[in-house]
Amino acid sequence: MSIPAAARKRRDELVDLVNEARANYYQHDKPTISDADYDKYFQELVELETKHPELVAGDSPTQSVGGEASDEFGEFEHPTRMWSLDNVFDYEELDAWFARVGNHNFLCELKIDGLAINAVYRNGVLETLATRGSGAVGENVTASLEYLTCIPKQLTASKGTKFPELLEVRGEVYFSLAEFDQINLEVTATGRTAFANPRNAAAGTLRQRIDNRVAAVAEATKRAEGKTADSKQVASLTKHSDELQRATSALSRLGLIVHGIGTHEGFEIPTQSHAYELLKSWGLPTSDRVKVLKSVAEVKKYVEHHGEHRHDIEHDIDGVVIKVDSLAEQDELGFTARAPRWAIAYKYPPTVVRTRLLDIGVQVGRTGRITPRAAVEPVLVAGSTVSFATLHNGYEVVRKGLLLGDMVFLRKAGDVIPEILGPVVELRDGSEREFQMPTKCPECGSKLAPEKEDDKDLRCLNTRSCPAQLRGRLEHLGSRSILDIEGLGEKAARALLEDKIISDEGDLFSLTAEILQQSDFFVKGANRELAENAKLLLAQLEIAKTKPLWRFICALSMRHIGPPTAQALTREFTSLERIAAAPAEKLAQIEGIGQTIAESITQWFAEDWHAEIIEKWKRAGCVLEQELVESGPQPLAGLTIVVTGTMVDFTRDGASEEITSRGGKASGSVSKNTDFVVVGPGAGSKETKAIELGRPILDEAGFKILLSDGPAAALAHLGLA
DNA sequence: CACCCTCGAGTTCA
DNA sequence: CTCGAGGGTG
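Residues numbered from 1 in each chain as written. Chains lettered and ligands numbered in written order. Predicted model: local features only at pLDDT ≥ 70, side-chain atom pairs only at ≥ 80, totals over all residues. Heavy atoms only, no water.

In the annotation of an unreviewed UniProt entry, chain A is listed under the name DNA ligase (NAD(+)) and assigned to freshwater metagenome. According to its UniProt record, chain A has this under Function (unreviewed entry): "DNA ligase that catalyzes the formation of phosphodiester linkages between 5'-phosphoryl and 3'-hydroxyl groups in double-stranded DNA using NAD as a coenzyme and as the energy source for the reaction. It is essential for DNA replication and repair of damaged DNA." (UniProt positions renumbered as here; feature names shortened; annotations may be inferred.)

This is the structure we're talking about:
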């Protein structure tokens, strides 16, 4: 039977999608799609392969060896929630925490960079092992228990021991650095990409469906031992056995340190340290680096000691955890929406590495701004390899004292964005050369100049026809946050311009199939049929034509005008025509718009080719007016709310819309004017700032209460009434 | 005029 | 995340 070409194609797409998602998650430490999407694609692939077994091939993730994401996990609801910890990054913040909690005995321990787990024992017998997951619900990985040597299946009893009926033990599963290197050697030897860091390796190893692997071996055994078995089936058995063996071997090399208890029925303990002693006496692995310290000074000494020796430890750590030792005192301090008040994580500063500054190139942005960008000798920092880092502007280069060829210090700001800190002056040998900002635009050759006297930014003033600016504007207008036109990304923008299909953004909405057919990028096959990407683009352009006016205003790339300002303009004037006709004095009356921006707007409209863009868009059917929407109740009127980190049920833009539609203001930065800070997992400095300024912090559940029941209910949810 | 806040723009890794 | 720059306040 032949396989339909469409099935083959879809199968290839799915394999790529899933494999890419896995690589991003495990090898690069940056998830790109949601777990739900991942499961959806994986499931579709499984079904497709079940229907057409001939399609199953070695590159399919359904066949791949351990250490990667699994398909469906059994969910496990933790009897007692697994909390996160609040972080501090320096002594000032740590002192603030000490001041909040008061005098106690403090239990200090290392914060292992691994995977948090919850082990549930019933009457001393291990019943369930689950990952932390969201904290409320994790993934049930009990199936792997058999192969984990790091965790006792049965607690050891000493004389007279009576085990609690239900006991939850919390701990961290990890690979030692030595095992991590070993695992990665094995991984690369079988042709797969290495894990980015020990944490991902541990997560990948534990979160695999070992039971599926066992089943696969059983199945292959049955076939290979059948009467009609051929060499292919024997080979398949060998392959599946090898995979199972590698997976179980990796599992057996995971380590565990326990660091807490959840539910504990039937016994009482006075302190955290007593709890550890008890767990240890039952045979659970505790750390011998745990210390109970009586003063702030001693705690700081502990923090410093392990900061200096963090690389001498057999596993990765990213900080120190400090807990109030007495459980009674813990109870008194209680919890915030997401973390205990009685514990804090002191995070060590992000790693700084040294690398060579090879060159400084310049980029031309959509507004013509010239941005120098450092090319460095690729270097591994905090889990990924960095090759470039922005330098913002020419003055930055001078201020940092950088010379081409310098060894430089580099770190990841917020653990994400590479940042060059400065040169290692001692290592200069005289061959280094100064960097000069260009005087001509690298893309169109126009002269570069600051827009205003004293501006630090250099700009290419050829707004109309500089290819970099045209491309940038098209890309910007197509992006998710503006008109959200799928099929109009970097490549499409480049093709539209280079193949001279459009001369600028004005022509965009009058594109037709016939016009697109003139470009190689939008056709396929010998008879130049319209390709899928072209159909997508045309359909998306049609949809975009009726998007809200403020999005069109942003799409025009007027200087200084982003979403908030565009929305303010729309509210005041309701149509693009009225904005174009408004005198500067009138525009400047709007909050957030002063003389500078007002004049910049009127000047923009005075430009002939700008007016033409608008004419063309209108002729093509773009709706450049705001129909008055009946606004619902406005429970958030007057409130400024900041959303940070990731939400389960909202995108960032979605959350902003929920806020503005209820009369609130969605802002991007936390200040003392902020009324609420909504914090999801993965939040960074904004959360720290919120704590610093004492602003109320909501989790996603609290945010939903805020949206539905208003600020008073949200505060009540926090126990602040 | 000094300061704080907000917004805009560019941004790194696959 | 970070810098620059505009807006607004005291």
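There's more to say after this.
### Re the packing of helix H3 (residues 91-101) against helix H9 (residues 296-308)
Here H3 crosses H9 at 145 degrees, and the two axes come no closer than 12 Å. Pair H3 / H9 crosses with right-handed handedness. Contacts between H3 and H9 pair Tyr91, Leu94, Asp95 and Phe98 from the former with Val296, Val299, Lys300, Val303 and Glu304 from the latter. Of the residues belonging to the contact of H3 with H9, the class tally is 6 nonpolar, no polar and 3 charged. (Axes fitted to C-alpha atoms, helices over the stretch in contact; angles between N-to-C directions. Helix = DSSP H or I, 4+ residues; strand = E, 2+ residues; numbered from the N terminus. Left-handed = near helix turned anticlockwise from the far one by under 90°. Contact = heavy atoms within 4.5 Å. Nonpolar A, V, L, I, M, F, W, Y, C, P; charged D, E, K, R; others polar.)

### A look at the protein's contact with DNA strand C
Residues in contact with DNA strand C amount to 19 residues; listed here are only the nearest, Lys456, Gly592, Gly594, Thr596 and Ser685. Backbone sugar and phosphate groups make up 97% of those atoms of DNA strand C lying within 4 Å of the protein. At 2.9 Å, a backbone N or O of Lys456 approaches a phosphate oxygen of DNA strand C. Measuring from a phosphate oxygen of DNA strand C, one finds a side-chain N or O atom of Thr596 at 3.1 Å. In terms of residue count, the dominant contributor to the surface near DNA strand C is helix H20 (residues 595-606) (3 residues). Partitioning the surface near DNA strand C into residue classes produces 5 nonpolar, 9 polar and 5 charged. (Near = heavy atom within 4 Å. Polar contact = N/O pair within 3.5 Å; in protein donor to acceptor, adjacent residues only side chain to side chain.)

### What about the nonpolar core?
Across soluble globular proteins, you tend to see nonpolar side chains buried next to one another. One finds Leu508, Phe509 and Leu511 to be the most contacted residues of the largest nonpolar core, which totals 57 residues. Ranked by residue count, the leading element in this core is helix H16 (residues 549-555), at 6 residues. Taken together, domain 4 (467-544) and domain 5 (549-619) each give at least three residues to this core, which thus spans both. Ranked by size, the runner-up nonpolar core spans 45 residues in total, among them Tyr121, Val187, Leu254 and Leu327. (Core = buried A, V, L, I, M, F, W, Y, C linked by side-chain atoms within 4.5 Å. Buried < 20%, exposed > 50% of the residue type's maximum accessible area, 1.4 Å probe, protein only. Domains from an automatic or database assignment.)

### Observations concerning the environment of Leu284
Locating Leu284 in the fold gives a position in the loop between helix H8 (272-281) and strand S9 (291-293). A sequence separation of 130 residues divides Leu284 from Gln154, and the C-alpha atoms of the two residues are 9.6 Å apart. In this structure, Leu284 is in contact with Tyr121, Pro152, Leu155, Val169, Val258 and Leu279, ignoring residues within four places of it in sequence.

### Some remarks on a negative patch on the surface
Among the surface-exposed residues, Glu607, Asp608, Glu612 and Glu615 lie close enough to one another that they form a single negatively charged patch. With respect to the helices and strands, the residue Glu612 is situated in helix H21 (residues 608-619). Judged by relative accessible area, which is 42%, Glu612 ranks as partly exposed. (Patch = residues over 30% accessible without salt bridge, like charges linked within 9 Å, V, L, I, M, F, W, Y side chains within 5 Å. Areas by Shrake-Rupley, 256 points an atom, 1.4 Å probe, with all protein chains shown as cover. Salt bridge = Lys/Arg side-chain N within 4 Å of Asp/Glu carboxyl O. Lys, Arg positive; Asp, Glu negative; His and termini not counted. Charge placed at Lys NZ, Arg CZ, Asp CG, Glu CD.)

### Things to note about unusual backbone geometry
Residue Arg528 is not a glycine yet carries a positive backbone phi of 50 degrees. Here Arg528 is to be found in the loop between strand S19 (523-524) and strand S20 (529-530).

### Describing helix H13 (residues 490-498)
Among all positions of H13, only Ala492, Ala493, Ala495, Leu496 and Leu497 are buried. Along its buried surface, H13 packs onto helix H12 (467-478) and helix H14 (513-516). Where H13 ends, the next residue or the one after it, Lys500, has phi of about 55 degrees, a positive value.

### Overview of the packing of helix H6 (residues 210-224) against helix H7 (residues 231-252)
Where H6 contacts H7, the two axes come as close as 9 Å, and the packing angle between them is 155 degrees. Here H6 lies roughly antiparallel to H7, going by the angle between them. Viewed along their axes, H6 and H7 form a crossing whose handedness is left-handed. Of the residues in H7, those touching H6 at Ile210, Arg213, Val214, Ala216, Val217, Ala220, Thr221, Arg223 and Ala224 are Gln233, Val234, Ser236, Leu237, His240, Ser241, Glu243, Leu244, Ala247, Thr248 and Leu251. Taken together, the residues of the contact of H6 with H7 break down into 11 nonpolar, 6 polar and 3 charged. (Parallel < 35°, antiparallel > 145°, perpendicular 65-115°, else oblique.)

### Brief notes about the sheet that holds strand S11 (residues 343-347)
Here 5 strands make up an open sheet; going across it, the order is S2-S11-S10-S3-S9 and the pairing mixed. Single-partner strands in this sheet number two, and they are strand S2 (87-88) and S9. Pairing of strand S3 (residues 106-112) with S9, which is carried by 3 bridges, proceeds in the antiparallel orientation. From the neighbouring strand, Cys108 faces S9, where its bridge partner is Lys291. (Pairing = 2+ DSSP bridges.)

### Here we look at helix H23 (residues 685-692)
Every buried residue belonging to H23 is among Glu687, Thr688 and Ala690, and all of these are buried. Along the axis of H23, the buried positions cluster into a sector of 160 degrees, meaning they face one direction only. Summarising the geometry of H23, the exposed residues directed more than 90 degrees from the buried face are Ser685 and Glu692. Those residues of H23 that are buried are in contact with H3, strand S23 (676-679) and strand S24 (697-698). Gly694, located one to two residues past H23, shows a positive phi value of around 65 degrees. (Arc of directions from axis to C-beta.)

### Re the protein's contact with DNA strand B
Within the structure, DNA strand B sits among 26 residues, and Gln363, Arg366, Ser387, Gly562 and Thr565 are positioned closest to it. One of the side-chain nitrogen or oxygen atoms of Arg366 is found 2.5 Å away from a phosphate oxygen of DNA strand B. A distance of 2.5 Å separates a phosphate oxygen of DNA strand B from a polar backbone atom of Ser387. Across the surface near DNA strand B, the residue classes break down as 8 nonpolar, 14 polar and 4 charged.

### Side note on the packing of aromatic side chains
A full pass over the atoms with the stated rule returns 15 aromatic pairs. Between Phe521 and Phe522, the ring centres sit 4.9 Å apart and the planes meet at 90 degrees, which makes this aromatic pair edge-to-face. Cluster of aromatic residues (ring-pair linked, three or more members): Trp83, Phe335 and Trp342. One cation-aromatic arrangement involves Arg81 over Trp83; the distance from NZ or CZ to the ring centre is 4.4 Å. The ring of Tyr91 is capped by Lys300, whose NZ or CZ atom sits 4.9 Å from the centre of that ring. (Phe/Tyr/Trp six-rings, centres within 6.5 Å; stacked < 30°, edge-to-face > 60°. Lys NZ or Arg CZ within 6 Å of the ring centre and 35° of its normal.)

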